Amino acid sequence: MSLDVSPQLLAQAEQGDIREEDFVATVRDSLPYAYRLIEGLAQELQDSGTDREFADNLTPPPTEADRGQLLRALASDSIRGSLERHFGVTLAFQNCHRVAAFRPQAQDGQSYARFTSTRSQILNQSPEFRDC
């Protein structure tokens, strides 16, 4: 299971739409490693002013459970989209840990195109990523 959903949030979802901030709080509590990593990248990007188009992570997760959290967060359109809206970034993902937070307007730029290209995907592979 990806998220630990409270009975209250489940009941709310059964009745109709839920508040995005409640969903983000569930993501934060259920996937703390992924949430903190993306939060840190968004903060790093914000702190850089306009000097950088993106901030990325190059450090593998400390545990397989943490890696699983990151993969679950980025593989789900609803989780990923909520995190992007919450932090005001566009996320891009290359392998089991290289996630980047881009300024939303950079999505049409060269840095984003380069990061998400098939060439970059190939260049960022190594044998230790085969089972991640």
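Notes on the structure in this doc start here. All figures in this text were calculated on a predicted structure; none of them were measured in a lab.

**Let's talk about the sheet that holds strand S1 (residues 54–56)**
Here is step 1: Taken in spatial order, the three strands line up as S1-S3-S2 in an open sheet, and their pairing is antiparallel. Sheet topology places S1 and strand S2 (90–93) at the edges, where each strand pairs with a single neighbour. Geometrically, the sheet is characterised by an average inter-axis angle of 20° between neighbouring strands, direction not taken into account.
Here is step 2: Note: S1 against strand S3 (residues 99–102), three bridges, orientation antiparallel. When the bridges of S3 are listed, Ala55 appears paired with Ala101.
Here is step 3: Together, S1, S2 and S3 form the strand contacts of helix H3 (residues 32–47), whose direction differs from that of S3 by roughly 40°.

**Side note on the packing of H3 against helix H5 (residues 77–87)**
Helix-helix packing: each pair is described by the crossing angle between the helix axes and the interaxial distance.
Here is step 1: Closest axis-to-axis distance for the H3/H5 pair is 10 Å, and the angle between their directions is 35°. Every pair of crossing elements has a handedness; the one defined by H3 and H5 is right-handed. Contact residues: H3 offers Tyr35, Ile38, Glu39 and Ala42, while H5 offers Leu83, His86 and Phe87.
Here is step 2: Of the residues in the contact of H3 with H5, the class split is five nonpolar, one polar and one charged.

**Points about the nonpolar core**
In globular proteins that are soluble, nonpolar side chains generally tend to be buried together.
Here is step 1: Counting residues in hydrophobic clusters, the biggest one holds 24 residues, and the most contacted among them are Ile79, Leu83 and Leu91.
Here is step 2: Secondary-structure elements contributing two or more residues to this core are helix H2 (20–30), H3, helix H4 (64–75), H5 and S3.
Here is step 3: The element that contributes the greatest number of residues to this core is H3, accounting for eight residues.
Here is step 4: Every residue in contact with Leu91, bar those within four places of it in the chain, is listed here: Ile38, Leu74, Arg80, Leu83, Glu84, Val99, Ala100, Ala101 and Tyr112.
Here is step 5: In terms of nonpolar packing, the next biggest core, distinct from the first, is built from six residues, Ala92, Phe102, Tyr112 and Phe115 among them.

**Concerning the pairing of S3**
Here is step 1: Burial of S3 is two-sided: the residues Val99 and Ala101 facing one way and the residues Ala100 and Phe102 facing the other way are all buried.
Here is step 2: The pairing of S2 with S3 spans four bridges and is antiparallel. Directly across from Phe93, in S3, lies its bridge partner Val99.

**So, the packing of aromatic side chains**
Here is step 1: As enumerated under the stated definition, the model contains two aromatic pairs in all.
Here is step 2: For the ring pair Tyr35 and Phe87, a centre distance of 5.3 Å and an interplane angle of 55° mean the geometry is tilted. In this pair, Tyr35 is assigned in helix H3 and Phe87 in helix H5, connecting sequence segments 52 residues apart.
Here is step 3: Here the aromatic rings of Phe54 and Phe102 are separated by 4.7 Å at their centres, their planes lie at 25°, and the arrangement is stacked. With Phe54 in strand S1 and Phe102 in strand S3, this pair connects stretches of sequence that are 48 residues apart.
Here is step 4: For Phe102, a relative accessible area of 0% translates into the label buried.

Reading guide: rules and limits
- Residues numbered from 1 in each chain as written.
- Predicted model: local features only at pLDDT ≥ 70, side-chain atom pairs only at ≥ 80, totals over all residues.
- Heavy atoms only, no water.
- Pairing = 2+ DSSP bridges.
- Helix = DSSP H or I, 4+ residues; strand = E, 2+ residues; numbered from the N terminus.
- Axes fitted to C-alpha atoms, helices over the stretch in contact; angles between N-to-C directions.
- Contact = heavy atoms within 4.5 Å.
- Left-handed = near helix turned anticlockwise from the far one by under 90°.
- Nonpolar A, V, L, I, M, F, W, Y, C, P; charged D, E, K, R; others polar.
- Core = buried A, V, L, I, M, F, W, Y, C linked by side-chain atoms within 4.5 Å.
- Buried < 20%, exposed > 50% of the residue type's maximum accessible area, 1.4 Å probe, protein only.
- Phe/Tyr/Trp six-rings, centres within 6.5 Å; stacked < 30°, edge-to-face > 60°.

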